[in-house]
Amino acid sequence: MSMISLTLSVNLSAAKKGTIVDIFTDKIIGISNMDYAGTVIIAQGGATIPVTETKEQILKLISETANNVTTTKGT
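**Overview of the overall build of the protein chain**
Tallying secondary structure elements over the protein chain gives one helix and five strands in all. Helices (α) and strands (β) of the protein chain occur, in sequence order from the N terminus, as β-β-β-β-β-α. Whereas a compact globule of 75 residues would reach a radius of gyration of roughly 11 Å, the protein chain reaches 12 Å, a difference of no more than 12%. Among the 75 residues that make up the protein chain, the fraction classed as buried is 32%. If the 6 positive side-chain charges of the protein chain are averaged to one point and the 6 negative ones to another, these points end up 5 Å apart.

Here you go:
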């Protein structure tokens, strides 16, 4: 099971904008670019997580973790 680290782009409940969140890649069912929210991760159960990374950055992180390559956030 792989995990990537992403940055929240909005305040969510007790988590402030800019907080790093770790997300299991097998829980991601979609990635969307929205005009009002930027990039949004869509997770199992319908949870949406707005993040600062671009769709391309997220796809690269997922690909690298799938290939067991050590990565850093947002590269």
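**Section: the nonpolar core**
Judged by nonpolar contacts, Ile4, Leu6, Leu8, Val21, Ile23, Ile28, Ile31, Ile41, Ile49, Val51, Ile58 and Leu61 together constitute the single largest core of twelve residues. Looking at this core, the elements that each hand over two or more residues are strand S1 (3–7), strand S2 (20–24), strand S3 (28–34), strand S5 (48–51) and helix H1 (55–66).

**Thoughts on the sheet that holds S5**
Taken together, three strands build an open sheet; the order of strands is S3-S4-S5 and the sheet is antiparallel. Taken across any chain shown, the strands that pair with only one partner, and hence form the sheet edges, are S3 and S5. Neighbour to neighbour, the strand axes of the sheet diverge by 25° on average, direction disregarded. Bridge count for S3 against strand S4 (residues 38–43) is six bridges, and the pairing is antiparallel.

**Quick notes on the side chain of Glu53**
Following the sequence through the fold, Glu53 ends up in the loop between S5 and H1. Here Thr7 takes part through its side chain, which lies 3.0 Å from a polar atom of the side chain of Glu53.

**Let's talk about the pattern of salt bridges**
Counted under the stated rule, the structure contains one salt bridge. Among the ionic pairs, Lys60 bridges to Glu64, the shortest N-O distance being 3.9 Å. Residue Lys60 and its partner Glu64 are located together in helix H1, separated by four residues, close to a single helical turn.

**Here's the deal with a nonpolar patch on the surface**
A surface patch of nonpolar side chains, about 340 Å² in accessible area, is lined by Met1, Met3 and Phe24. Summarising the element assignment, Phe24 is placed in strand S2.

**A closer look at the environment of Ala15**
Inspection of the secondary structure puts Ala15 in the loop between S1 and S2. Its relative accessible area of 23% is what places Ala15 among the partly exposed residues. Residues Ala15 and Pro50, 35 residues apart in the sequence, show an inter-C-alpha distance of 12 Å. Setting aside residues no more than four positions away along its own chain, Ala15 makes contact with Leu8 and Val10.

How each quantity is defined
Residues numbered from 1 in each chain as written. Predicted model: local features only at pLDDT ≥ 70, side-chain atom pairs only at ≥ 80, totals over all residues. Heavy atoms only, no water. Helix = DSSP H or I, 4+ residues; strand = E, 2+ residues; numbered from the N terminus. Rg over C-alpha atoms; globule rule 2.2 N^0.38 Å. Buried < 20%, exposed > 50% of the residue type's maximum accessible area, 1.4 Å probe, protein only. Lys, Arg positive; Asp, Glu negative; His and termini not counted. Charge placed at Lys NZ, Arg CZ, Asp CG, Glu CD. Core = buried A, V, L, I, M, F, W, Y, C linked by side-chain atoms within 4.5 Å. Pairing = 2+ DSSP bridges. Axes fitted to C-alpha atoms, helices over the stretch in contact; angles between N-to-C directions. Polar contact = N/O pair within 3.5 Å; in protein donor to acceptor, adjacent residues only side chain to side chain. Salt bridge = Lys/Arg side-chain N within 4 Å of Asp/Glu carboxyl O. Patch = residues over 30% accessible without salt bridge, like charges linked within 9 Å, V, L, I, M, F, W, Y side chains within 5 Å. Areas by Shrake-Rupley, 256 points an atom, 1.4 Å probe, with all protein chains shown as cover. Contact = heavy atoms within 4.5 Å.

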